[in-house]
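# Inside the fold
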Amino acid sequence: MNTAGHSKAMAPRGLELHPFRGLRYDPDRVGSLAAVTSPPYDVVVRPDGLHHLQSADPHNIVRLILPEAATPEARNAQAAETLRRWRSEGVLTADPEPGLYVYEQRDGDGMVQRGIIGVLRVSDPEEQLVLPHEDVMAHIVADRADLMRATSANLEPLLLTYRGGDGPATAVAALLERTAKRPPLLATTTEDGFHHRLWSVTDPADLTAVREELAGHQALIADGHHRWATYRRLRAEHTSPGPWDHGLVLLVDTARYPLRVRAIHRLLHRLPVADALAALDGRFRVRRLDVPQAEAMDALARAASAGNAFLLAGDGAFHLVDRPDPELTARTVPADRPVAWRTLDAAVLHATLLDHVWRIPDSPAHIAYIHDATATVEKAERDGDTAVLMHPVHEDVVRDLARQGVTMPRKSTSFGPKPASGLVLRALDL
């Protein structure tokens, strides 16, 4: 990376986004750019989605971000060897000079999202520059850290948002609009219908304008809490200054390009729906809905506007669970948090239902987190498990809690659209 290092002892200077030499697929060496991309590693529904992506193209990025082998050590070694081989064969090639990357996503409904991909200085929590809103799990951070160490690469950008202002176009906004009129480095449409375009920005004046504008902002982690925690761990392990002082991110100004906030659903292994419902007797109101999923989700939205509400599924029907016993939630939800936190659906789900009523530990052996509601229901019905479908939280609630230093229960929100993995990578030796 063609940037100077920054000592951890130096005073904070705001967000510092630097250019880098992106590592990108050579379109002549792969079937198509769409066939080598993937959703972020934690969105891929395993094993169905993983195998589907692997079969799309032998060079699909999931072979790096989700390698398959008998042990964690073997998986990481395999990813490192795959990356080395793809680089030596020219499947992945480095851009000739460092740049920031303008990234655009469009869907068929007219939604446009633009942001800037670069490498961000990894800051400490007390600087309050990069605000998390969810807790992380130590074993996932360890897993991502092992993979990044083995590959010496940031394989996919995490998603950060900031508020650039609602007034006249800022320097960054003007750069995005101006750049989007040029021919892109790449353009592809993924099977979810999203159109992706990427441009490189190398002009020194543009890079300076971005750096100066971002220095006055703080960012919210929209997606990638575990990867940000991994960046911080790896920075602490390595001598500074050095390449581990920075991590790959996509920054989006949500004043101009509002993100969509969706829920992340839960799949409770080895808990049949009948047992889950029986345990709720008298503690929540339960109504069976023999309607299609779309109508059930509409009913959930209406109920969630009035208080905590969830949909249970897995037995061929939907069960709307709402109106928890106030005495029960007062006794089970931690009282040392703001009211906005204590009334979150995720807080009530984990503190009251999972911990107290169902007594289910928050571990991969007992709970899977799935972004797609239909996939969650299908898996529950196939395996005899219980799907818990959630209603999304508004972004303002997330940001306000983050500014108070209060983290939400993990996997409370899913911001999107998320950047496609595989469009641009960062190798730390470049």
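Just above, that's the structure.
As a starting point, this report considers the structure included with it. (Residues numbered from 1 in each chain as written. Predicted model: local features only at pLDDT ≥ 70, side-chain atom pairs only at ≥ 80, totals over all residues. Heavy atoms only, no water.)

### Details of the overall build of the chain
Helices and strands together make up the secondary structure of the chain, namely 15 helices and 21 strands. Here the C-alpha radius of gyration of the chain, 22 Å, is about what a compact globule of 430 residues would show, namely 22 Å. Burial analysis of the chain (430 residues in total) assigns 56% to the buried set. For the chain, the exposed area adds up to about 17,800 Å²; of that, 51% sits on carbon and sulfur atoms. Within the chain, the 57 negative side-chain charges are centred at a point lying 2 Å from the centre of the 49 positive side-chain charges. (Helix = DSSP H or I, 4+ residues; strand = E, 2+ residues; numbered from the N terminus. Rg over C-alpha atoms; globule rule 2.2 N^0.38 Å. Buried < 20%, exposed > 50% of the residue type's maximum accessible area, 1.4 Å probe, protein only. Areas by Shrake-Rupley, 256 points an atom, 1.4 Å probe, with all protein chains shown as cover. Lys, Arg positive; Asp, Glu negative; His and termini not counted. Charge placed at Lys NZ, Arg CZ, Asp CG, Glu CD.)

### What about the nonpolar core?
In this structure, L17, Y25, I117, L160, L280 and W358 are the most contacted members of the largest nonpolar core, which totals 115 residues. At eight residues, helix α13 (residues 345-357) tops the list of elements feeding residues into this core. Counting residues in each nonpolar core, the second largest holds 19 residues, with A299, F318, L320 and V377 among its members. (Core = buried A, V, L, I, M, F, W, Y, C linked by side-chain atoms within 4.5 Å.)

### Some remarks on unusual backbone geometry
Of note, the amide linkage connecting S240 to P241 takes the cis form, showing an omega dihedral of 5 degrees. With respect to the secondary-structure elements, P241 resides in the loop between α8 (225-237) and β12 (246-253). Following G416, the chain continues to P417 via a peptide bond in cis, the omega torsion being 5 degrees. With respect to the helices and strands, P417 occurs in the loop between β20 (414-416) and β21 (426-427). Within the chain, Q128 stands out as a residue other than glycine whose phi angle is a positive 55 degrees. With respect to the helices, strands and loops of the structure, Q128 is situated in the loop between β5 (112-121) and β6 (130-131). Note on Q128: relative accessible area 46%, which makes it partly exposed. Although it is not a glycine, R323 sits at a positive phi angle of roughly 45 degrees. Locating R323 in the fold gives a position in the loop between β17 (318-322) and α11 (326-332). The exposure class assigned to R323 is exposed, which follows from its relative accessible area of 58%.

### Considering α13
Spanning 13 residues, α13 covers only 15 Å between terminal C-alpha atoms, well under the ideal 18 Å at 1.5 Å per step. Judged by how many residues are buried, α13 sits mostly within the fold: eleven of 13 residues are covered. Directly beyond the C-terminal end of α13, a positive phi value near 55 degrees is found at R359. (Expected span 1.5 Å × (residues − 1).)

### Some details on the sheet that holds strand β14 (residues 265-268)
The six strands are arranged β15-β17-β16-β19-β14-β18 in an open sheet whose pairing can be described as antiparallel. Of all strands in the sheet, those bounded by a partner on one side alone are β15 (285-289) and β18 (367-370). For this sheet the average axis-to-axis angle between neighbouring strands, irrespective of direction, equals 25 degrees. The pairing of β15 with β17 spans five bridges and is antiparallel. Counted as the bridge partner of R287 is L320 from β17. Where α13 meets the sheet, it contacts β14, β16 (309-313), β18 and β19 (386-389), and its direction lies at approximately 60 degrees from that of β16. Across the face of the sheet, helix α14 (residues 373-383) comes into contact with β14, β16, β17, β18 and β19 while running at roughly 160 degrees to β19. (Pairing = 2+ DSSP bridges. Axes fitted to C-alpha atoms, helices over the stretch in contact; angles between N-to-C directions. Contact = heavy atoms within 4.5 Å.)

### Structural notes on the environment of P39
Mapped onto the elements of the fold, P39 is located in the loop between α1 (33-36) and α2 (48-56). With a relative accessible area of 34%, P39 lands in the partly exposed category. C-alpha of P39 to C-alpha of F20: the two residues are 19 residues apart in sequence and 22 Å apart in space. Discounting residues that sit within four places of it in the chain, P39 has contacts with V44, L53, I65, E156 and S421.

### Quick word on helix α6 (residues 171-179)
Quick reminder: α-helices carry 3.6 residues per turn. Residues three or four places apart thus point the same way. When we look at burial in α6, the residues that qualify are V172, A173, L175, L176 and T179. The buried residues of α6 occupy an angular sector of 160 degrees when the element is viewed end-on, so they sit on one face. Where the residues of α6 are buried, they touch β4 (100-106), β5, β8 (158-162), β10 (195-201) and α7 (204-214). (Arc of directions from axis to C-beta.)

### Examining the packing of aromatic side chains
Between two aromatic rings, the relevant description is the distance of the centres plus the angle of the planes. The final tally for this structure, using the stated rule, is three aromatic pairs. Their ring planes at 70 degrees and their centres at 6.1 Å tell us that W228 and Y231 sit as a pair that is edge-to-face. Here Y231 and W228 lie together in helix α8, a separation of three residues that amounts to about one turn. Looking at W228, the relative accessible area reads 6%, which means it is buried. Directly above the aromatic system of Y41 lies the positively charged group of R144, at a separation of 4.0 Å from the ring centroid. R337 extends its terminal NZ or CZ atom over the ring of W341, reaching a point 4.4 Å from the ring centre. (Phe/Tyr/Trp six-rings, centres within 6.5 Å; stacked < 30°, edge-to-face > 60°. Lys NZ or Arg CZ within 6 Å of the ring centre and 35° of its normal.)

### Quick word on the pattern of salt bridges
Taken as a whole and assessed by the stated rule, the structure comprises 24 salt bridges. Salt-bridge contacts for R331 lead to E327; the nearest nitrogen and oxygen are separated by 3.0 Å. One end of the pair is R331 and the other is E327, both in helix α11 and four residues apart, which spans about a single turn. Among the residues examined, E327 registers a relative accessible area of 46% and is labelled partly exposed. (Salt bridge = Lys/Arg side-chain N within 4 Å of Asp/Glu carboxyl O.)

That's the geometry; what it means functionally is another story.
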